[in-house]
Amino acid sequence: MGVAILCQIPRAEKPWYLENTGLNIYSAEELGYFICNNPALADESIVCSGFVQWVKEELKQSRLALKLSHILNGETYTERDFILTFLKETCYLNVKELAGFEQQLQEFAEKPLSQRLKRKADTLMQHEKYNRALNYYQEALFCKDQGNMGSQFRGTIMNNLGCVYARLFMMEEACECFRLAYEELHTFSVLKSYLFSVFMKDGEEVYRQKLDEFGVDKKSRAKLKEEIDSVQIPKRPEDLDEALENWTESYHRNTDL
């Protein structure tokens, strides 16, 4: 059963557009929900002068807009201060919840830049914003500040890049990323992703060659075959024009193209 949130502040006539996810926000409560469920995306897409103006003109919250403006123009302002002030003044969270969320933001801010970039990419993947996720994964991969993660961190990012490319049907890039991820992580789950991407890209013959190359045992081969055989062949849509329109819309939404 869902939870209803009573809107205390009037809804905006013109929404605030969250560029990273392509969402239109019409109320303070909507934005509060988004921020609390996607803290990694509480960034410059919200913390900016344009947002302050939207709060003043669309939400009719002049006092809140003034507070946010003071924070934004301060010499030592942080995104965390801006976000917490918004959540506090709109009463989206109670005192205990606000303290807990403040701790989340503090812990996130203290992580190395590379981990923050990865977290942002992971969140964008959840929103099916694949091109944007791709950019942040690549930025994290080449970031000098990788803490003490080493090969584990690189392997995880390469695996996630493989997932992004696979969802974009860029199978050659997906294969290469999964291969590099396996070299770092040496886990069967990553090897399975690599083998499946090979199957999709090059067909069954090359797939079988790779099974031999990586020394996959009979039991594992049987499980992989069972998974491949369980994939249902898509049925031809009854209305091709409608299906094409839906596919095109989904493609543009996921790739920002």
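The rules behind each value
- Residues numbered from 1 in each chain as written.
- Predicted model: local features only at pLDDT ≥ 70, side-chain atom pairs only at ≥ 80, totals over all residues.
- Heavy atoms only, no water.
- Helix = DSSP H or I, 4+ residues; strand = E, 2+ residues; numbered from the N terminus.
- Buried < 20%, exposed > 50% of the residue type's maximum accessible area, 1.4 Å probe, protein only.
- Polar contact = N/O pair within 3.5 Å; in protein donor to acceptor, adjacent residues only side chain to side chain.
- Salt bridge = Lys/Arg side-chain N within 4 Å of Asp/Glu carboxyl O.
- Expected span 1.5 Å × (residues − 1).
- Arc of directions from axis to C-beta.
- Contact = heavy atoms within 4.5 Å.

**Q** How should I be thinking about unusual backbone geometry in this particular structure?
**A** Negative phi values dominate among residues other than glycine, just as trans dominates among peptide bonds. The backbone phi angle of cysteine 91 is positive, close to 60°, even though this residue is not glycine. Mapped onto the fold, cysteine 91 is located in the loop between helix H4 (79-89) and helix H5 (95-109). Backbone geometry places glutamate 128, a non-glycine residue, at a positive phi of 60°. Its place among the elements puts glutamate 128 in the loop between helix H6 (113-126) and helix H7 (130-141).

**Q** What exactly am I supposed to notice about the environment of asparagine 20 here?
**A** Considering the arrangement of structural elements, one finds asparagine 20 in the loop between strand E1 (16-18) and strand E2 (23-25). With a relative accessible area of 9%, asparagine 20 lands in the buried category. Taking the C-alpha atoms as reference points, asparagine 20 and lysine 129, 109 residues apart in sequence, are found 7.7 Å from one another. Within the structure, asparagine 20 has its side chain in polar contact with the side chain of aspartate 43 (distance 3.2 Å).

**Q** Would you explain the pattern of salt bridges in this entry?
**A** Side chains that differ in charge, positive against negative, can pair when their charged atoms come close. Counting across every chain of the model gives 15 salt bridges. The network of salt bridges with common partners includes Arg63, Lys67 and Glu89.

**Q** It is not clear to me how H5 should be interpreted in this structure. Could you clarify?
**A** At 3.6 residues per turn, the α-helix brings residues three or four places apart onto the same side. Helix length check: H5 (15 residues) gives 21 Å between terminal C-alpha atoms against 21 Å at 1.5 Å per residue, within 8%. Here H5 has its buried residues at Leu98, Phe101, Leu105 and Phe108. Down the axis of H5, the buried set is contained in an arc of 85°. They therefore lie on one face. Those residues of H5 that are exposed and angled more than 90 degrees off the buried face are Val95 and Lys96. Buried residues belonging to H5 abut helix H1 (28-37), H4 and H6.

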